[in-house]
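# Inside the fold
Below, each chain spelled out in residue letters.
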Amino acid sequence: MKKDIHPESYRPVVFKDMSNGDMFLSRSTCATKDTVEFEGETYPCIKLEISNTSHPFYTGKSKLVDTAGRVDKFMSRYNRIKK
């Protein structure tokens, strides 16, 4: 692997799935102010709404993930128009 090809901000970062709390460590240049304790070390934390541990395609479960009430808003609009 070539030396000095990655940016200075390329560092270990923890990605946290907010729907189920699962975390994994990877390297990234994403900027964040949040930190989290992971395996005895403190790392910057990037929050995800969905990952492979909670996505229905990967889990095989038909689970509806609604983080901002979008489904309820859609259903209320659709029901109003339908009537």
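Everything here concerns the structure above.
So, here's what we can say about the structure. Remember, it's a predicted structure, so these values are computed and weren't measured experimentally. (Residues numbered from 1 in each chain as written. Predicted model: local features only at pLDDT ≥ 70, side-chain atom pairs only at ≥ 80, totals over all residues. Heavy atoms only, no water.)

### A word on a nonpolar patch on the surface
- Among the surface-exposed residues, F74, M75 and Y78 lie close enough to one another that they form a single nonpolar patch of about 310 Å² accessible area.
- Relative to the helices and strands, Y78 resides in helix 2 (residues 70-82).
- Judged by relative accessible area, Y78 falls into the partly exposed class, the value being 41%. (Patch = residues over 30% accessible without salt bridge, like charges linked within 9 Å, V, L, I, M, F, W, Y side chains within 5 Å. Areas by Shrake-Rupley, 256 points an atom, 1.4 Å probe, with all protein chains shown as cover. Salt bridge = Lys/Arg side-chain N within 4 Å of Asp/Glu carboxyl O. Helix = DSSP H or I, 4+ residues; strand = E, 2+ residues; numbered from the N terminus. Buried < 20%, exposed > 50% of the residue type's maximum accessible area, 1.4 Å probe, protein only.)

### Focus: the pattern of salt bridges
- One pass over the structure, following the stated rule, counts one salt bridge.
- One salt bridge in this structure joins D34 and K47, with 3.8 Å as the shortest N-O distance. Separated by 13 residues along the polypeptide, D34 in the loop between strand 2 (23-28) and strand 3 (35-38) and K47 in strand 4 (residues 41-48) bring together distant segments of the chain.
- Of the residues examined, D34 reaches a relative accessible area of 35% and is grouped as partly exposed.

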